[in-house]
Amino acid sequence: MAEVGSLDSLKLQAASSGPIATDTFYAGISVGYRESGGFMHNTVSGDNDVNDEEDLNARLALRYTPNDQWDINFTVDYNEADDAAGDPSHVPPEFFSASPPTLADVAAGGFDFNDFDRTISQDVLGGFDREETTVVLNVSYDFGSVELTSITGFADQFTDIAVDVTRTPGPSFFGEFFDVIIDNE
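Throughout what follows, the structure given in this document is the object of discussion.

Parameters and conventions
- Residues numbered from 1 in each chain as written.
- Predicted model: local features only at pLDDT ≥ 70, side-chain atom pairs only at ≥ 80, totals over all residues.
- Heavy atoms only, no water.
- Helix = DSSP H or I, 4+ residues; strand = E, 2+ residues; numbered from the N terminus.
- Buried < 20%, exposed > 50% of the residue type's maximum accessible area, 1.4 Å probe, protein only.
- Contact = heavy atoms within 4.5 Å.
- Phe/Tyr/Trp six-rings, centres within 6.5 Å; stacked < 30°, edge-to-face > 60°.
- Pairing = 2+ DSSP bridges.

### Quick look at the overall build of the chain
If you tally the helices and strands in the chain, you get one helix and ten strands. Across the chain, helices and strands are ordered from the amino to the carboxyl terminus as β-β-β-β-β-β-α-β-β-β-β. The 185 residues of the chain split such that 20% are buried. Within the chain, contacts between residues separated by at least 24 positions form 57% of all contacts whose residues are at least 6 apart in sequence.

And the structure:
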């Protein structure tokens, strides 16, 4: 399947599965890819399309059943996400004025968060990057009255989330930027 859309968006998906060589060995593979060109303009840096995104997902599954007792399954999953700006939330300029809108103004319909010009004014964009791989081996043996199953797996995940705390052109008393890195095995 393939889809093409506005803002340079693209989505591709493919999958195939079935028996390989005999009725005891099976394989399946699937791949998905998505990208979006972004639509936000950063007034601080002058850069366009700062919130572009790119994601890749893939899976390989193998199954071997040599007889009625054995069932052996092996899977590998891979996921990668690269969202360039992370969270480029639009903060309307009115919120930085001497008298910003109150919650009552918003509740009364006096301020529309959806009416914005696709700009942000952040000195630091941040980002969201994740890469993860998961491998699982599942082996079952049926003794007749009892079935023994072993599940063994390994996962490796790296995530980097960087955010401009204020979402403004400058720092605040909170600081300017924070970066959270998660590295798990």
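### Comments concerning the packing of aromatic side chains
Here the structure, examined in full by the defined rule, presents two aromatic pairs. A centroid spacing of 4.7 Å and a plane angle of 70° characterise the contact between Tyr 141 and Phe 143, whose relative ring orientation is edge-to-face. Cluster of aromatic residues (ring-pair linked, three or more members): Trp 70, Tyr 141 and Phe 143.

### What about the side chain of Thr 65?
Looking at the element boundaries, Thr 65 is found in the loop between strand 5 (53-64) and strand 6 (70-83). Ignoring sequence-local partners within four residues, the contact set of Thr 65 consists of Asp 23, Thr 24, Tyr 26, Trp 70 and Asp 71.

### Some points on the pairing of strand 8 (residues 127-142)
Where strand 6 meets strand 8, 14 bridges bridge the pair, whose relative direction is antiparallel. Directly across from Asp 77, in strand 8, lies its bridge partner Thr 134. Two elements, strand 8 and strand 9 (residues 147-164), share 16 bridges in a ladder whose sense is antiparallel. Bridge pairing in strand 9 places Asp 129 opposite Asp 160. Connecting the antiparallel pair strand 8 and strand 9 is a turn made up of four residues, with Gly 144 showing a positive phi of about 110°.

### Details of the pairing of strand 3 (residues 25-36)
Successive residues of a regular strand alternate their side chains across the two faces of the sheet. Here ten bridges tie strand 2 (residues 9-19) to strand 3, and the two strands are oriented antiparallel to one another. Across the sheet, the residue bridging to Lys 11 is Arg 34, located in strand 3. Two successive antiparallel strands, strand 2 and strand 3, enclose a turn made up of five residues, where Ala 21 displays a positive phi of approximately 70°. Here twelve bridges tie strand 3 to strand 5, and the two strands are oriented antiparallel to one another. Bridging from a neighbouring strand, Phe 25 pairs with Tyr 64 of strand 5.

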